[in-house]
Amino acid sequence: MEKYNFDEIVTHLKTTGYVYQGSEIYGGLSNSWDFGILGSFLKKNIKDLWWREFIERSPYNVGIDSAIMMNTKTWEASGHLKGFADAMVDCKECKGRFRADQLIENATGLSAEGKSFEEMDKMIEDNHVVCPTCGKHNFTGARAFNLMFKTYIGTLEDAKSVVYLRPETAQGIFVNFNNVARTSRKKIPFGIGQIGKSFRNEITPGNFIFRVREFEQMELEFFCKPGTDLDWYKYWVDYCYNFVKKLGINEEKLRIRPHDPEELAFYSKGTSDIEYAFPFTDWGEVWGIADRTDYDLGRHSEVSGKELNYLDPETNEKYIPYCVEPSVGVERLFLMICCDAYEKQKLEGDDERVVMHLHPAIAPVKACILPLSKKLGEGAQKVFEDLSKEFHCEYDEAGSIGKRYRRNDAIGTPFCITYDFDSENDNSVTVRHRDTMEQERVEIAKLKDYIKERIAF
Ligand code: GAP
């Protein structure tokens, strides 16, 4: 299994305009990233594809777009106010703050997953764990650190005006269950999906865009009859895995990892992660699929006092639906796709090229139109204008044709279209394929359909 150096991939993404450091001219902001000219396209294409495959093409699902700031009772009901916290310790010497489980694991190789604060304190003591920054062994006891960002709504900064930035998009779906059921007239089973920003004050963000404090999620809450949930859980695990597989991700670097019973949340009947062998770790979570039972709708019914249940029109049975949730971060998918697509190829002689083997459906630029000579600008521009009505294309007339091919390989453009002197007479162009570097002559009149067929998902 070939793995490239992660720094090399990150440098490539930064230099080509996929990702920029956030607030760069002010020295940056810890672990904040901006998506550049190509990155914003890739992100948009990933989201559009998810929306098409999970919402538009599904006979079951509908989509919404709910607010980021929600009534604080939402987080009381979901358990985030109490339970969405990491155990942390502070070094009393250098004031460094660390996630207790990571500190222990890095120092001893022992897992602290599921351990109480007291048990973690004891592990730090017994193993004489030292601070990774200053090397001293002098920590506070472990305590909870809530990961939700807190702010105030309105002019007063008092307890009544506290609101949180949502740490997941899912709760905006649960609180709208009745609204969607009423306005969609969907029958169970049906799903509600949404794409949007989520915020978590992660103690240890890192690995570039893998773990960030501000990210986008694509979540589906799929409601079904109790008793059918495990079948639907399996259905959605397969559906998500196939989505990733269809993107062309190397299956040797992919696995589905079902959670051990002790890892499961108390309300979950099953959770699986789709993981990828990122260059910086053995396996990293990309997509989580969970059978959440009736926990969320049940809790919101309890706290809001509003019934969130379903009356089966055929059997007259009333029940709180069970929910299966596939949840994925856009940045995680983006990073997996880029790590998998990156290749440095040796060519003839000393020549080499960097090529991003992105699936054409999500590639930022679908085709680049290259006039062989500036004198051919008029005809080449016409091809560009015509194709641009359908796909995002670029026009490049600067430098040798070889250099222009390399530039496009490096950003993942699947097709380079050369307009040459013969084009003026035979109304055809040469299409060069990014992955194979093979070339073929295609009539200009057939070009649109030719590309359309080859970029389909
Ligand atoms: N509603 C369920 C939920 O939010 P999660 O496992 O906490 O579950 C789901 O998050 C997905 O969101 C993860 O699999 C990952 O792709 C993405 N994600 C979570 N935290 C993230 C972070 N700090 N930075 C980037 N992506 C993140």
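Keep in mind it's a predicted model, so treat the numbers as computed, not measured.

1. Points about the site of the ligand
(1) Moving on: Around the ligand, a shell composed of 18 residues is seen, among which Glu168, Glu202, Glu219, Glu285 and Val286 lie nearest.
(2) Moving on: At a separation of 2.9 Å, an oxygen atom of the ligand approaches a polar backbone atom of Gly329.
(3) Moving on: Within the complex, 88% of the 560 Å² of free accessible area of the ligand lies under protein.
(4) Moving on: Ranked by residue count, the leading element in the shell around the ligand is strand E16 (residues 322-329), at 4 residues.

2. Re the layout of surface pockets
(1) Moving on: Each pocket or cavity is described by its volume, and for the second largest pocket that value is around 330 Å³.
(2) Moving on: What lines the second largest pocket is a set of 17 residues, among which Asn31, Ser32, Trp33, Arg213 and Glu214 lie closest to the centre.
(3) Moving on: Mapped by element, the contributors of at least two residues to the lining of the second largest pocket are strand E2 (33-35) and strand E9 (190-199).
(4) Moving on: Among the elements that make up the lining of the second largest pocket, the one with the highest residue count is E2 (3 residues).

3. Thoughts on the pattern of salt bridges
(1) Moving on: Applying the stated criterion to the full structure yields 38 salt bridges.
(2) Moving on: A salt bridge links Asp409 to Arg353; its shortest N-O distance comes to 2.9 Å. With Asp409 in helix H13 (residues 401-411) and Arg353 in strand E18 (residues 352-356), the pair connects residues that are 56 residues apart, well separated along the chain.
(3) Moving on: Judged by relative accessible area, Arg353 falls into the buried class, the value being 2%.

4. Some words on the sheet that holds strand E23 (residues 439-443)
The strands that make up a sheet are held in pairs by hydrogen bonds between backbone atoms, and each pair lies either parallel or antiparallel.
(1) Moving on: Ordered in space as E20-E19-E21-E22-E23, the 5 strands form an open sheet in which the pairing is mixed. Looking along the sheet, the strands with just one partner apiece sit at the ends: strand E20 (393-395) and E23. In this sheet, adjacent strand axes meet at a mean angle of 25° when their direction is disregarded.
(2) Moving on: Judged from the 3 bridges that link them, strand E19 (residues 367-371) and E20 form a sheet pairing that is parallel. Residue Ala367 lies in a different strand from E20, and its bridge partner there is Cys393.
(3) Moving on: Packed onto the sheet, H13 meets E19, strand E21 (415-419), strand E22 (428-433) and E23 and runs at close to 170° relative to E19.

5. A word on the pairing of strand E13 (residues 284-291)
Remark: a regular strand shows side chains that alternate across the two faces of the sheet.
(1) Moving on: Counting buried residues in E13 gives 7 out of 8 residues, a clear majority hidden from the surface.
(2) Moving on: Note: strand E12 (residues 270-276) against E13, 7 bridges, orientation antiparallel. Within E13, the residue paired with Tyr276 across the bridge is Gly284.

6. So, the nonpolar core
(1) Moving on: Counting residues in hydrophobic clusters, the biggest one holds 62 residues, and the most contacted among them are Tyr18, Trp50, Trp287, Ile289, Leu333, Phe334 and Met336.
(2) Moving on: The element that contributes the greatest number of residues to this core is helix H11 (residues 330-341), accounting for 9 residues.
(3) Moving on: Not counting the four nearest positions on each side in its chain, Trp287 is found in contact with Trp50, Phe54, Cys240, Phe243, Val244, Ser272, Asp273, Ile274, Pro326, Ser327, Val328 and Leu333.
(4) Moving on: Judged by nonpolar contacts, the second largest core, of 19 residues, contains Ala367, Tyr419, Val431 and Val442.

7. Let's talk about the packing of helix H2 (residues 37-56) against helix H9 (residues 229-246)
(1) Moving on: At a closest axis distance of 12 Å, the pairing of H2 and H9 adopts a crossing angle of 145°. In the crossing of H2 with H9, the sense of the turn from one axis to the other is right-handed. Where H2 abuts H9, its residues Leu49, Trp50, Glu53 and Phe54 lie against Trp236, Tyr239, Cys240 and Phe243.
(2) Moving on: Looking at the contact of H2 with H9, its residues break down into 7 nonpolar, no polar and 1 charged.

8. Here we look at helix H10 (residues 295-304)
Since the α-helix advances by 3.6 residues per turn, residues separated by three or four positions end up pointing in the same direction.
(1) Moving on: Along H10, the residues that are buried comprise Tyr295, Asp296, Leu297, Gly298, His300 and Ser301.
(2) Moving on: Check the buried side of H10 and you find it contacts helix H3 (73-78), helix H7 (170-174), helix H8 (177-184) and strand E10 (214-224).
(3) Moving on: Immediately beyond the C-terminal end of H10, within one or two residues, lies Gly305, with a positive phi of roughly 75°.

9. Describing the side chain of Glu275
(1) Moving on: Considering the arrangement of structural elements, one finds Glu275 in strand E12.
(2) Moving on: Among the polar contacts listed, one links the side chain of Glu275 to the side chain of Arg257, at a separation of 2.9 Å.
(3) Moving on: In this structure Glu275 touches Lys253, Leu254, Arg255, Arg257, Trp283, Gly284, Glu285 and Val286, once residues within four positions along its chain are discounted.

10. Describing the domain arrangement of the protein chain
(1) Moving on: If you check the domain split of the protein chain, you get domain 1 (6-66 + 171-339), domain 2 (86-144) and domain 3 (365-455).
(2) Moving on: Placing the centre of domain 1 and that of domain 3 at their C-alpha centroids yields a distance of 36 Å.
(3) Moving on: Domain 1 puts 6 residues into the contact, and the matching count from domain 3 is 5 residues.
(4) Moving on: At the boundary of domain 1 with domain 3, total buried surface from both sides reaches about 430 Å², with 63% on carbon and sulfur atoms.
(5) Moving on: Our count for the contact surface shared by domain 1 and domain 3 stands at 0 salt bridges.
(6) Moving on: Summed over the shared surface of domain 1 and domain 3, the number is 2 residue pairs in polar contact (both at pLDDT 80 or more).

11. Remarks on the side chain of Gln171
(1) Moving on: Locating Gln171 in the fold gives a position in helix H7.
(2) Moving on: Assessed through its relative accessible area of 0%, Gln171 is described here as buried.
(3) Moving on: Filtering out sequence-adjacent residues up to four positions away, Gln171 remains in contact with Met70, Thr74, Trp75, Ser78, His80, Arg292, Asp296 and His300.

12. Details of the packing of aromatic side chains
(1) Moving on: Under the definition given, this model contains 37 aromatic pairs.
(2) Moving on: Both rings, one in Tyr60 and one in Trp232, keep their centres 5.2 Å apart while their planes meet at 80°; by these two values the pair is edge-to-face. Placement of the pair is Tyr60 in the loop between H2 and strand E3 (61-63) and Trp232 in helix H9, with a sequence separation of 172 residues.
(3) Moving on: A residue is classified by how much of its surface remains accessible, and Trp232, at 15% relative accessible area, is buried.

13. So, a negative patch on the surface
(1) Moving on: Side chains of Glu105, Glu113, Asp260 and Glu262 sit close together on the surface and give a patch of like negative charge.
(2) Moving on: For Asp260, the position within the fold is in the loop between strand E11 (254-258) and E12.

14. Here's the deal with H2
(1) Moving on: End to end, H2 covers 27 Å across 20 residues, agreeing with the expected 28 Å (1.5 Å per residue, within 8%).
(2) Moving on: Buried within H2 we find Leu38, Gly39, Leu42, Lys43, Asn45, Ile46, Leu49, Trp50, Glu53, Phe54 and Ile55.

About the thresholds
- Residues numbered from 1 in each chain as written.
- Predicted model: local features only at pLDDT ≥ 70, side-chain atom pairs only at ≥ 80, totals over all residues.
- Heavy atoms only, no water.
- Near = heavy atom within 4 Å.
- Polar contact = N/O pair within 3.5 Å; in protein donor to acceptor, adjacent residues only side chain to side chain.
- Areas by Shrake-Rupley, 256 points an atom, 1.4 Å probe, with all protein chains shown as cover.
- Helix = DSSP H or I, 4+ residues; strand = E, 2+ residues; numbered from the N terminus.
- 1 Å grid on protein atoms, 1.4 Å probe; cavity = no way out; pocket = protein on both sides within 12 Å on 5 of 7 lines; lining within 4 Å.
- Points joined across faces, edges and corners; volume = space filled by probe spheres on them.
- Salt bridge = Lys/Arg side-chain N within 4 Å of Asp/Glu carboxyl O.
- Buried < 20%, exposed > 50% of the residue type's maximum accessible area, 1.4 Å probe, protein only.
- Pairing = 2+ DSSP bridges.
- Axes fitted to C-alpha atoms, helices over the stretch in contact; angles between N-to-C directions.
- Contact = heavy atoms within 4.5 Å.
- Core = buried A, V, L, I, M, F, W, Y, C linked by side-chain atoms within 4.5 Å.
- Left-handed = near helix turned anticlockwise from the far one by under 90°.
- Nonpolar A, V, L, I, M, F, W, Y, C, P; charged D, E, K, R; others polar.
- Domains from an automatic or database assignment.
- Buried area = accessible area lost by both parts, 1.4 Å probe.
- Phe/Tyr/Trp six-rings, centres within 6.5 Å; stacked < 30°, edge-to-face > 60°.
- Patch = residues over 30% accessible without salt bridge, like charges linked within 9 Å, V, L, I, M, F, W, Y side chains within 5 Å.
- Lys, Arg positive; Asp, Glu negative; His and termini not counted.
- Charge placed at Lys NZ, Arg CZ, Asp CG, Glu CD.
- Expected span 1.5 Å × (residues − 1).

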